[in-house]
Amino acid sequence: HVESEQIVNPGELVIISGVDSFDPDGNIVTYSWTQVSGPPTNIEQPNNMVAQFIMPEGEGAIGISLLVFDNEGAFGTDTVGVLINQPPVANAGGDQQVGFSSVVLLDASTSVDPNGGEISFGWTQIEGAPVTVFSNDQAVATFYSPMSGETLSFQLSIIDELGLTDKDTATVYVSSLAVTGNYEKENNPISLFPN
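Just so you know, these numbers come straight off a predicted model, no measurement behind them.

Rules and cut-offs
- Residues numbered from 1 in each chain as written.
- Predicted model: local features only at pLDDT ≥ 70, side-chain atom pairs only at ≥ 80, totals over all residues.
- Heavy atoms only, no water.
- Helix = DSSP H or I, 4+ residues; strand = E, 2+ residues; numbered from the N terminus.
- Buried < 20%, exposed > 50% of the residue type's maximum accessible area, 1.4 Å probe, protein only.
- Contact = heavy atoms within 4.5 Å.
- Areas by Shrake-Rupley, 256 points an atom, 1.4 Å probe, with all protein chains shown as cover.
- pLDDT = per-residue confidence, 0-100.
- 1 Å grid on protein atoms, 1.4 Å probe; cavity = no way out; pocket = protein on both sides within 12 Å on 5 of 7 lines; lining within 4 Å.
- Points joined across faces, edges and corners; volume = space filled by probe spheres on them.
- Nonpolar A, V, L, I, M, F, W, Y, C, P; charged D, E, K, R; others polar.
- Polar contact = N/O pair within 3.5 Å; in protein donor to acceptor, adjacent residues only side chain to side chain.
- Pairing = 2+ DSSP bridges.
- Axes fitted to C-alpha atoms, helices over the stretch in contact; angles between N-to-C directions.
- Core = buried A, V, L, I, M, F, W, Y, C linked by side-chain atoms within 4.5 Å.

Q: In this structure, what is going on with the overall build of the protein? I would like to understand it.
A: The secondary structure content of the protein amounts to one helix and 12 strands. The proportion of buried residues among the 195 residues of the protein is 32%. For the protein, the proportion of contacts with a sequence separation of at least 24, taken over those separated by at least 6, is 59%. Here the protein displays about 11400 Å² of accessible surface, and carbon together with sulfur accounts for 52% of that area.

Structural data, given as structure tokens:
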């Protein structure tokens, strides 16, 4: 019997244990751990009750099989899957153009954790006149744009349940937004041709 599935970051040590394996009418005399699926890794102490390996890079799960023999030569097997944690993907929602003194949404709700875990959010202003960012630890944060033309940049940092991170940046261009239909007429002069 092998412990249940776990999720582990690449590069971390994984300990697999057959300590719950038992023989109802005798005792287990040999243990043998082998990898059966996933990116290749090296199992250390593959003939011990407890073995270990370093989680490789890649996607999917590492499948490890345990084969045990008892004192009468009978055997049993079990397999454990250890999922390779994938880093989350930050999406700060893209750049925006806004007017003076308006409510601006910073929306990271399309950020994802490929492993389906919870994501923690953090918004930090990294450029422009300082503004107060409300709900800066949520997927959607807000602020009031200043009363002057500014370029404001905000960095989104996300972290998954196992500590892997990603970052993205959104830029907000603040202007009076005085663009009207006259703009096009002035910049697209009509040419008259003789008939």
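Q: What am I meant to see in the confidence of the model for the protein here?
A: Do not read the fine detail of predicted coordinates wherever pLDDT is low. Of all residues in the protein, 88% have pLDDT values of 70 or greater, and the mean over the chain is 89. Considering only residues more than four positions removed or in separate chains, one finds that residues 178–187, a stretch of pLDDT under 50, has zero contacts.

Q: Please clarify how unusual backbone geometry should be interpreted in this entry.
A: Residues apart from glycine generally show negative phi values, whereas peptide bonds are mostly found in trans. Positioned with a positive phi, Gln45 is a non-glycine residue whose angle comes to about 55 degrees. Mapping Gln45 onto the fold places it in the loop between strand 3 (28–37) and strand 4 (50–54). Located in the positive-phi region is Ser135, a residue other than glycine, with phi close to 55 degrees. By secondary structure assignment, the location of Ser135 is in the loop between strand 9 (119–127) and strand 10 (140–144). Judged by relative accessible area, which is 41%, Ser135 ranks as partly exposed.

Q: Please explain the layout of surface pockets as it appears in this structure.
A: Here the idea is plain: a probe the size of a water molecule rolls over the atoms and shows the empty space left. In this structure, the largest pocket encloses a volume near 180 Å³. If you trace the largest pocket, you find 15 residues lining it, with Phe22, Ile28, Val68, Phe75 and Gly76 closest to the centre. Looking at the lining of the largest pocket, its residues break down into eight nonpolar, four polar and three charged.

Q: Hey, could you run me through the side chain of Ser111 in this one?
A: Checked against the element boundaries, Ser111 lands in the loop between strand 8 (103–107) and strand 9. From its side chain, Ser111 meets the backbone nitrogen of Asn91 in a polar contact 2.9 Å long. With residues up to four places along the chain from it excluded, the contact list for Ser111 reads Val89, Ala90, Asn91, Ile119, Phe121, Leu156 and Ile158.

Q: I tried to follow the sheet that holds strand 7 (residues 96–98) on my own but got confused; where do I start?
A: Sheets are built from strands paired through backbone hydrogen bonds, the pairs being either parallel or antiparallel. Strand order across the open sheet formed by four strands is 7-12-11-9, with mixed pairing between neighbours. For this open sheet the edge positions go to strand 7 and strand 9, each flanked by a neighbour on one side alone. Strand after strand, the sheet turns through a mean of 25 degrees between neighbouring axes, direction not considered. Summarising the sheet, strand 11 (residues 150–160) and strand 12 (residues 165–174) pair through 10 bridges and their orientation is antiparallel. Looking at strand 12, one finds that Leu156 is bridged to Asp168.

Q: Whenever I open this one, the nonpolar core confuses me. Can you help?
A: Soluble globular proteins: nonpolar side chains tend toward being buried together. Counting 21 residues, the largest nonpolar core has Leu106, Trp123, Phe143, Phe154, Leu156 and Val172 as the members making the most contacts within it. Secondary structure elements with two or more residues in this core: strand 8, strand 9, strand 10, strand 11 and strand 12. For Phe143, the contacting residues outside a window of four places in its chain are Ser102, Val103, Val104, Leu106, Val131, Thr132, Val133, Phe134, Leu152, Phe154 and Val172. By size, the runner-up hydrophobic cluster in this structure holds 17 residues, among which are Ala51, Met55, Ile62 and Ile84.

Q: What am I meant to see in the environment of Ser17 here?
A: Looking at the secondary structure, you find Ser17 in strand 2 (residues 13–17). Each C-alpha atom of the pair Ser17 and Gln52 lies 8.5 Å from the other, and the pair is 35 residues apart in sequence. Among the polar contacts listed, one links the side chain of Ser17 to the backbone nitrogen of Val19, at a separation of 3.1 Å.

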